[in-house]
Amino acid sequence: MFKQYELPYAYDALEPSIDALTVETHYGKHHVTYMNNFNDAAEKAGVADQDAEVLLASLDQIEDEALRKALRNNGGGYYNHNLYFSTISPDGGGEPEGTLGEAIKAEFGSFEALKEKLTALATGQFGSGWAWLSVNKDGKLMASSSPNQDNPISEGTGYVPIVAIDVWEHAYYLKYKNLRGDYIKQLFEIIDWKAVTAIYERVING
């Protein structure tokens, strides 16, 4: 059974970047629904024992089209939100250090350049979707965006996301209304770069 990431902080702990009602609704309703639907679809497809990353990377092996679509949408929603909530924190912000910090400078020129690129991808994503910072097993970084609940894994890129910027309206509309850019700016104030670095190192170290 796929389990929801358990928040180590209270719903109001991310204020003023994200308000308590948004976290409660986003985590306690949207994320839970994706998890439940993913578990249901995975059970029906006989793949409930697989790792979520492995399953999302091999969706073409699901013969039933309806189940494949349900797994892509709800599995993506489950996985994406687990990453999102596990990499933001009231103790976040600042810049990544160490190996990840150096990799960002090597790939993008500077951390500020990466922020600008991710911001452009997130604000430019038409409709619902995500912006990502991802890494492959060789340590190469990639900034990208995806519609709906897709991600670099389900898109077959060979990259694993390490930063998730949720630009579905439910992620920000209660506080920011149509000002998506303001939400994205504030999100960088709570990204937990230690948590991001831990995922980065897991991917590159196998």
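It should be emphasised that the depicted structure is a prediction, and the values quoted were computed from it without experimental measurement.

1. Things to note about the pattern of salt bridges
Logical step 1: Enumeration according to the criterion identifies four salt bridges in this entry.
Logical step 2: Of the charged contacts in the structure, one is a salt bridge between Asp40 and Lys44, with a shortest N-O distance of 3.2 Å. With a gap of four residues between them, Asp40 and Lys44 both fall in helix α1 (residues 20–45), about one helical turn apart.
Logical step 3: With its nearest N and O atoms 2.9 Å apart, the salt bridge here joins Asp150 to Arg72. Taken as a pair, Asp150 in the loop between β2 (141–147) and β3 (160–166) and Arg72 in helix α3 (residues 65–86) lie far apart in primary sequence, 78 residues in all.
Logical step 4: Judged by its relative accessible area of 13%, Asp150 is buried.

2. Description of unusual backbone geometry
For residues other than glycine, phi is negative in most cases, and the peptide bonds are mostly trans.
Logical step 1: A cis amide bond links Glu15 with the next residue in sequence, Pro16, at an omega value of 5 degrees.
Logical step 2: When you line up the elements, Pro16 lands in the segment before α1.
Logical step 3: Phi angles above zero are rare outside glycine, and Asn148 is one such case at about 55 degrees.
Logical step 4: Along the polypeptide, Asn148 turns up in the loop between β2 and β3.

3. Regarding the environment of Ala70
Logical step 1: Position of Ala70 relative to the elements: it lies in helix α3.
Logical step 2: With relative accessibility at 21%, the residue Ala70 sits in the partly exposed group.
Logical step 3: Sequence separation of Ala70 and Tyr34 is 36 residues, and the distance between their C-alpha atoms is 9.8 Å.
Logical step 4: In this structure, Ala70 is in contact with Ala41 and Gly75, ignoring residues within four places of it in sequence.

4. Examining the packing of helix α5 (residues 111–124) against helix α7 (residues 180–187)
Logical step 1: Between α5 and α7, whose axes approach to 10 Å, the crossing angle comes to 145 degrees. When you trace α5 past α7, the crossing you get is right-handed. Contacts from Thr119, Ala122 and Thr123 in α5 reach Arg180, Gly181 and Ile184 in α7.
Logical step 2: Within the contact of α5 with α7, the residues separate by chemical class into two nonpolar, three polar and one charged.

Conventions and cut-offs
Every chain's residues receive numbers from 1 upward, in the order its sequence appears when written. Residues qualify for local features only when their pLDDT is at least 70, as the model is predicted, and side-chain atom pairs are given and counted only at 80 or more; totals for whole chains, interfaces and linings, by contrast, use all residues. Values reported for side chains reflect all heavy atoms of the structure, with hydrogen atoms and water molecules removed beforehand. A side-chain nitrogen of Lys or Arg and a carboxyl oxygen of Asp or Glu constitute a salt bridge if their distance falls within 4 Å. We count a stretch as a helix when DSSP gives it H or I for four or more residues in a row; a strand needs E for two or more, and each element gets its number in order from the N terminus. Partly exposed residues are those whose accessible area sits between 20% and 50% of the maximum for their type, while under 20% is buried and over 50% is exposed, using a 1.4 Å probe and protein chains only. Here, residues are in contact when the closest pair of their heavy atoms is within 4.5 Å. To obtain an axis, a line is fitted to C-alpha atoms, over the contacting stretch when the element is a helix, and the angle between two such axes runs from 0 to 180 degrees between their N-to-C directions. Here a crossing is called left-handed whenever its near helix is offset anticlockwise from the far helix by less than a right angle, and right-handed whenever the offset is clockwise. Note that Gly is not counted as nonpolar here; it falls among the polar residues with everything else outside the nonpolar set of Ala, Val, Leu, Ile, Met, Phe, Trp, Tyr, Cys and Pro and the charged set of Asp, Glu, Lys and Arg.

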